[in-house]
Amino acid sequence: MIGTSVQEDLQEIRSELESSSFEDQNCLVTGGAGFLGSWLCDIFLLAGAKVCCIDNLSSGSLENINHLKRNKHFTIRRVDVTNHSEPREKFHYILHLASRVSPEDYQEHPIETLLTNSTGTKDMLELARKNDSVLLYTSSSEIYGNSEIIPTPETYYGYVNPIGSRSCYDEGKRFGEALCIAYYKTYGLDVRITRIFNSYGPRMRADGAYARAIPRFISQGLASQDITVYGNGSQTRSFCYVTDTITAIVKTLQTLSMKGEVVNIGNPEETSILTLAQQILSLTKSNSRITFHPRPQDDPQRRCPDMSRAKKKLKWEPRVTLEQGLQKTISWFRDYS
Ligand code: UDP
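Residues numbered from 1 in each chain as written. Predicted model: local features only at pLDDT ≥ 70, side-chain atom pairs only at ≥ 80, totals over all residues. Heavy atoms only, no water.

This part is about the site of the ligand. Taken together, 16 residues lie around the ligand, and Asn-198, Thr-228, Tyr-230, Arg-237 and Asp-299 are the ones closest in. Between the ligand and Arg-212 there is a distance of 3.0 Å, counted from an oxygen atom to a side-chain nitrogen or oxygen. Look at the ligand: alone it shows 520 Å² of surface, and the protein chains cover 96% of it. Partitioned by chemical class, the residues of the shell around the ligand number six nonpolar, three polar and seven charged. (Near = heavy atom within 4 Å. Polar contact = N/O pair within 3.5 Å; in protein donor to acceptor, adjacent residues only side chain to side chain. Areas by Shrake-Rupley, 256 points an atom, 1.4 Å probe, with all protein chains shown as cover. Nonpolar A, V, L, I, M, F, W, Y, C, P; charged D, E, K, R; others polar.)

Here you go:
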């Protein structure tokens, strides 16, 4: 799906990135039909690359990439990253995003989530080794668990429950990171790891277990349904608008010193979930009520990235404020959902 506002956002990302680096390069995007994956497919095609998207559509959606169907530089393979035949082409870049990401969704599919991030990551690393590709692994702020240090720097080891309800994702991503670093140390493979903190924007799903807080609250607000806050809403998150996230991911690929490195990608503007719900209520001009529900197990209390490393290494900082990003996201949901 590509409306005018997404097109404008893509042009903005494009204008921030150097033009030459992806011309005629082959890029593989796993999870390319998902939220961030589909934005990356768009931006690489805009930058002159050829893009192959692998997605088993377990949580991604064809609607996100339908507009690319007729682009001769784009192909989609509807396969699982843990069970696919080896592609024939050689890839310069492999962006490994495939995974369920919504807590309610991955908790319903814990084994699949662990295998996608372990076996799936191993298969992508092997492919990268054969192709001599640069591999970017999208890890997550979840690897920090219920962080005791806020804002959280990359040097923090994490505070994670290895057998808790979120462990399939936390430990899956931690294993994925460890495997990437093992390939870097053992084979000198060019791997780069991004720890992505709550990103949001157009193309996020708002349905059922796939819905994260922002798209769910927006769709509830627009439909005049109750806005479902878990706990008392004092838990915090730091939300980063998609254009900022995508710019930072691409900059990670363009920054040579990121080889074998990890970097936080997010926006340090920390907000409580109750404040977020109230803000969405006001921006959607909704007459919904806020209702309170039991808090899920191991839901992190605070989450906010320390952005010093990203600032220094990528020479990047997020630009879009929460209010600006919410306004764009709300108008997209009004038009397309
Ligand atoms: N949340 C909520 N109501 C919902 C969905 C989520 O209050 O309907 C809360 C959730 O408990 C968490 C925060 O919003 O504290 C962010 O949840 P999300 O699912 O977006 O992602 P997370 O940051 O937990 O991975």
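Its place among the elements puts Thr-255 in the loop between helix H7 (242-254) and strand S11 (261-265). For Thr-255, the side chain forms a polar contact with the main-chain oxygen of Lys-251, separated by 2.6 Å. Look past the residues within four positions of Thr-255 in its chain and what remains in contact with it is Arg-192, Lys-313 and Leu-314. (Helix = DSSP H or I, 4+ residues; strand = E, 2+ residues; numbered from the N terminus. Contact = heavy atoms within 4.5 Å.)

Turning next to the pattern of salt bridges. A full pass over the atoms with the stated rule returns 23 salt bridges. Note that Glu-112 is salt-bridged to Arg-100, the shortest N-O span being 2.9 Å. Placement of Glu-112 in helix H4 (residues 110-131) and of Arg-100 in the loop between strand S4 (93-96) and helix H3 (103-108) is noted, with a sequence separation of 12 residues between them. Linking Arg-195 and Glu-177 is a salt bridge whose minimum nitrogen-to-oxygen distance equals 2.7 Å. Residue Arg-195 is found in strand S6 (residues 190-196), and its partner Glu-177 is found in helix H5 (residues 167-187); the two are separated by 18 residues along the sequence. Accessibility assignment for this pair places Arg-195 and Glu-177 in one class, buried. (Salt bridge = Lys/Arg side-chain N within 4 Å of Asp/Glu carboxyl O. Buried < 20%, exposed > 50% of the residue type's maximum accessible area, 1.4 Å probe, protein only.)

Keep in mind these values describe shape, not function.
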